[in-house]
Amino acid sequence: MLTSKAAKRYAKAFFSLAQDKGKLDEVRADFNALAQLAAQSEELKSFLSSPLVAQDKRLELLKSLFEGKIGATAMSFITFLNEKDRTPVLAEVCEYFEVFCNEAANVQLVTITSAQELSSTQIKAIEVKLEAKLNKTIKASTEIDAALLGGFKIAIGDQVIDHSITAQLNSLKQSIVNA
């Protein structure tokens, strides 16, 4: 979950810089790899967040981990974050960077949650309707939640469109109770 205002500001500034340098795709790939690594490694998260690790030692280790594996632009940004003692927000910066890339490309990420696995045809039909409604390219991910009983829910950012049987039953229950 994205919550850090500092991470958002750093990501926005770095997004603009990468865009100006024409290195957006390279940096995006590097940041996606960094975000994946941070999500999988508790040790890396602890290391980046630890106030006990001296700034020069952290930089030394960061360079040994990433130099040559990511582009120079992304590496210089990591170095900058280290100089500012902002490495704890690196994972969030990477996530916000992806959000800004999607906004620039007019792409909307959505999560479709259903009671059963949806076919590719059903997913495509939902994507087409959402693209027409939102005037954006839709990239959908799917989840299964048997508690829905049937139907589906679509999460678009912080908005949820609920077409599940559970929601319809709850609505019916409320109307009976309030009658």
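Details of the structure are given in the entry above.
A quick note: this is a predicted structure, and the numbers were derived from the prediction, not measured. (Residues numbered from 1 in each chain as written. Predicted model: local features only at pLDDT ≥ 70, side-chain atom pairs only at ≥ 80, totals over all residues. Heavy atoms only, no water.)

Caption draft 1: Structural context of empty space enclosed by the protein. For the coordinates displayed, the defined rule picks out one cavity of 30 Å³ or more. Within this model, the largest cavity holds a volume of roughly 30 Å³. Lining of the largest cavity is provided by L34, A38, L44, L48, F66, L90, A91 and C94. Every element with two or more residues in the lining of the largest cavity is listed here: α2 (24–40), α3 (42–49) and α6 (90–104). When residues of the lining of the largest cavity are assigned to their parent elements, the largest contribution, three residues, is made by α6. Tallied by class, the residues present in the lining of the largest cavity amount to eight nonpolar, no polar and no charged. (1 Å grid on protein atoms, 1.4 Å probe; cavity = no way out; pocket = protein on both sides within 12 Å on 5 of 7 lines; lining within 4 Å. Points joined across faces, edges and corners; volume = space filled by probe spheres on them. Helix = DSSP H or I, 4+ residues; strand = E, 2+ residues; numbered from the N terminus. Nonpolar A, V, L, I, M, F, W, Y, C, P; charged D, E, K, R; others polar.)

Caption draft 2: View of the side chain of S164. When you line up the elements, S164 lands in strand β4 (residues 159–164). A polar side-chain atom of S164 sits 2.6 Å from a polar atom in the side chain of D162. Ignoring any residue separated from it by four or fewer positions in sequence, one finds S164 in contact with L148, G150, G151, F152 and K153. (Polar contact = N/O pair within 3.5 Å; in protein donor to acceptor, adjacent residues only side chain to side chain. Contact = heavy atoms within 4.5 Å.)

Caption draft 3: Focus on the nonpolar core. One finds F31, F66, V93 and F97 to be the most contacted residues of the largest nonpolar core, which totals 32 residues. Secondary structure elements with two or more residues in this core: α1 (5–21), α2, α3, α4 (55–66), α5 (72–83) and α6. In contact with F31, other than residues within four places in its own chain, are F14, A74, F77, V93, C94 and F97. One finds L118, I123, I126 and I161 within the second-largest nonpolar core, a separate group that totals 10 residues. (Core = buried A, V, L, I, M, F, W, Y, C linked by side-chain atoms within 4.5 Å. Buried < 20%, exposed > 50% of the residue type's maximum accessible area, 1.4 Å probe, protein only.)

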